[in-house]
Amino acid sequence: MTVIPPHIACHPRALELAGELTEWRHHLHAHPETAFEEHQTSAFIAEKLTSFGLQVHTGLAGTGVVATLTGNRGPGRRIGLRADMDALDIHETTNLPYASRHPGKMHACGHDGHMTMLLGAARILAENPDFAGTVDFIFQPAEENEGGGRVMVEQGLFDAFPVDAVYGLHNWPGIPVGDMAMQAGPMMASYDVFEIVVEGKGCHAAMPHLGRDPITAAGQILTGLQTIPARNVNPLQSAVISPTWIFGGDTWNVIPSTATIRGTVRTFAAHVQDAVEQRLKDMATHTARAFDCTATITYQRRYPATINDAGATATALDAAQKIVGADHIDTAPEPSMASEDFAFMLEKVPGSYVWMGNGPTDGDCLLHNAAYDFNDDALPVGVSYWIALVQGAAAA
Ligand code: NI
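No experiment lies behind these values; they were computed from the predicted model shown.

Each value, and the rule that gives it
Residues numbered from 1 in each chain as written. Predicted model: local features only at pLDDT ≥ 70, side-chain atom pairs only at ≥ 80, totals over all residues. Heavy atoms only, no water. Helix = DSSP H or I, 4+ residues; strand = E, 2+ residues; numbered from the N terminus. Buried < 20%, exposed > 50% of the residue type's maximum accessible area, 1.4 Å probe, protein only. Phe/Tyr/Trp six-rings, centres within 6.5 Å; stacked < 30°, edge-to-face > 60°. Domains from an automatic or database assignment. Contact = heavy atoms within 4.5 Å. Buried area = accessible area lost by both parts, 1.4 Å probe. Polar contact = N/O pair within 3.5 Å; in protein donor to acceptor, adjacent residues only side chain to side chain. Nonpolar A, V, L, I, M, F, W, Y, C, P; charged D, E, K, R; others polar. Pairing = 2+ DSSP bridges. Core = buried A, V, L, I, M, F, W, Y, C linked by side-chain atoms within 4.5 Å.

Undergrad: Just checking my understanding: could you explain the environment of glutamate 334 for this structure?
TA: Its place among the elements puts glutamate 334 in the loop between strand 15 (329–330) and helix 11 (342–348). Given the relative accessible area of 70%, glutamate 334 is considered exposed. The spacing of glutamate 334 and alanine 46 is 288 residues in sequence and 36 Å in space, taken between C-alpha atoms.

Undergrad: Explain the packing of aromatic side chains here, please?
TA: If you walk through the whole model with that rule in mind, you get 7 aromatic pairs. Ring geometry for tyrosine 191 versus tyrosine 303: centroids 5.5 Å apart, planes at 90°, classification edge-to-face. Highlighted residues: tyrosine 191 in strand 8 (residues 191–199) and tyrosine 303 in strand 13 (residues 294–303), separated in sequence by 112 residues. Grouping residues by exposure puts tyrosine 191 and tyrosine 303 together as buried. One aromatic cluster in this structure is built from Tyr191, Tyr303 and Phe344.

Undergrad: Could you clarify how one ought to interpret the domain arrangement of the chain in this entry?
TA: According to the domain assignment, the chain contains domain 1 (12–187 + 305–393) and domain 2 (191–303). Computed from C-alpha atoms alone, the centre-to-centre distance between domain 1 and domain 2 is 37 Å. Listed by partner, the interface residues are 18 residues for domain 1 and 9 residues for domain 2. Here domain 1 meets domain 2 over a buried area of about 990 Å², counting both sides, of which 62% is carbon and sulfur. The tally of links from domain 1 across to domain 2 stands at 7 residue pairs in polar contact (both at pLDDT 80 or more). Looking at the side of domain 1 that touches domain 2 residue by residue, the classes come out as 9 nonpolar, 4 polar and 5 charged.

Undergrad: Which parts of the structure should I look at to understand the pairing of strand 3 (residues 78–84)?
TA: For a regular strand, side chains alternate in direction, first toward one face of the sheet and then toward the other. Counting buried positions along strand 3 yields 6 of 7 residues, so the element is predominantly enclosed. With 7 bridges joining them, strand 3 and strand 4 (residues 134–140) adopt parallel strand pairing. Following the sheet pairing, leucine 81 is matched in strand 4 by phenylalanine 137.

Undergrad: Even after reading the chapter, I still don't get the nonpolar core, so can you show me in this structure?
TA: Generally speaking, nonpolar side chains in soluble globular proteins are found buried as a group. Core analysis: the biggest nonpolar cluster contains 61 residues, and Leu49, Leu81, Phe137, Phe139, Tyr167, Tyr385 and Trp386 have the highest contact counts within it. Counting residues per element, this core draws most heavily on helix 12 (residues 379–393), which supplies 10 residues. Apart from the residues lying within four places of it in its own chain, the contact partners of phenylalanine 139 are Ile45, Leu49, Gly64, Val65, Ala83, Met85, Met115, Leu118, Leu119 and Met152.

Undergrad: Hey, could you run me through the environment of proline 208 in this one?
TA: Its location among the elements puts proline 208 in the loop between strand 9 (203–204) and helix 7 (214–225). With a relative accessible area of 43%, proline 208 lands in the partly exposed category. Sequence separation between proline 208 and methionine 188 is 20 residues, and the spatial gap between their C-alpha atoms is 45 Å. Once residues within four sequence positions are removed from consideration, proline 208 is found in contact with Cys203 and Ile255.

Okay, structure coming up:
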């Protein structure tokens, strides 16, 4: 039974459909698929959109689906609404009746909820297209790690669907259901990855003077990397370097010839990103040198920072106020150091990415946790927000 907080002015049809929306969400939750393999998911979405009478386009980035609807209130702007479709490589531990039936795969980031809310909005708007302009419902693959949003853009998403603005949302644990958060400017950080291979010379562990130890050098590099955010970045700016993976060696009595460090860097500003990349390379190269080793560094920029446009965010705020009320919107949230490939869409088209509450972070209610579950009470809220946005943004 869906429980809607009393302050929310949900679209009446979204409330009527709450049971059906919950069924769709549970179906999607039970059948998670990961990056670029969202075939069943994509087919489910395309089938639903077709049944609503929408024009449906498939094939962008493989499993991407886009449906277009023109309103009956005359000409207006064309906007895109985006939901992500992919799950994660996590083995679900919820024991819910609709828990993942695909071992090792799980919707632990709530993308099942995102798809459901966008489908719900598409259905209600198709039933009654009382808006001006045109809306494109964009379902994208591979948000996690692989940049499906970038691939859709590269394959001509905005040539085929030339929207004036694009909007995204993410469920957010820690924000109550029925509350939202948004702001112009940074919402999510950039996402870079690095690998440092330290090479020395392997030898007997009891005779270290005969070799060149990459393990000790790697240890010093790890410590040195932490001084970059602390000593090279303006304290009023943000950066994090997290080495997440270190390996080298096979046994107790051998100093190996290599040691490898992998990890991630997150920043918001381009000049900070440039500086951190350069310092990381210098730190690794020269520290390895100091230990008579060498370092080979691979540095990849995966996702840019997610930066909201001021005008589009004002439009999003207007829509959100109509549904949840101004008192339930945080208009100055702390940006997240996590990242989002919606950033690639925002690089091409102005837009806004907002958070909507998924409830308290009790227990394991954390994104990417094996016990995470999207909160079904939020479904009609998100559907109503999308509808209000279409009615406001396309007419603007
Ligand atoms: Ni996500």
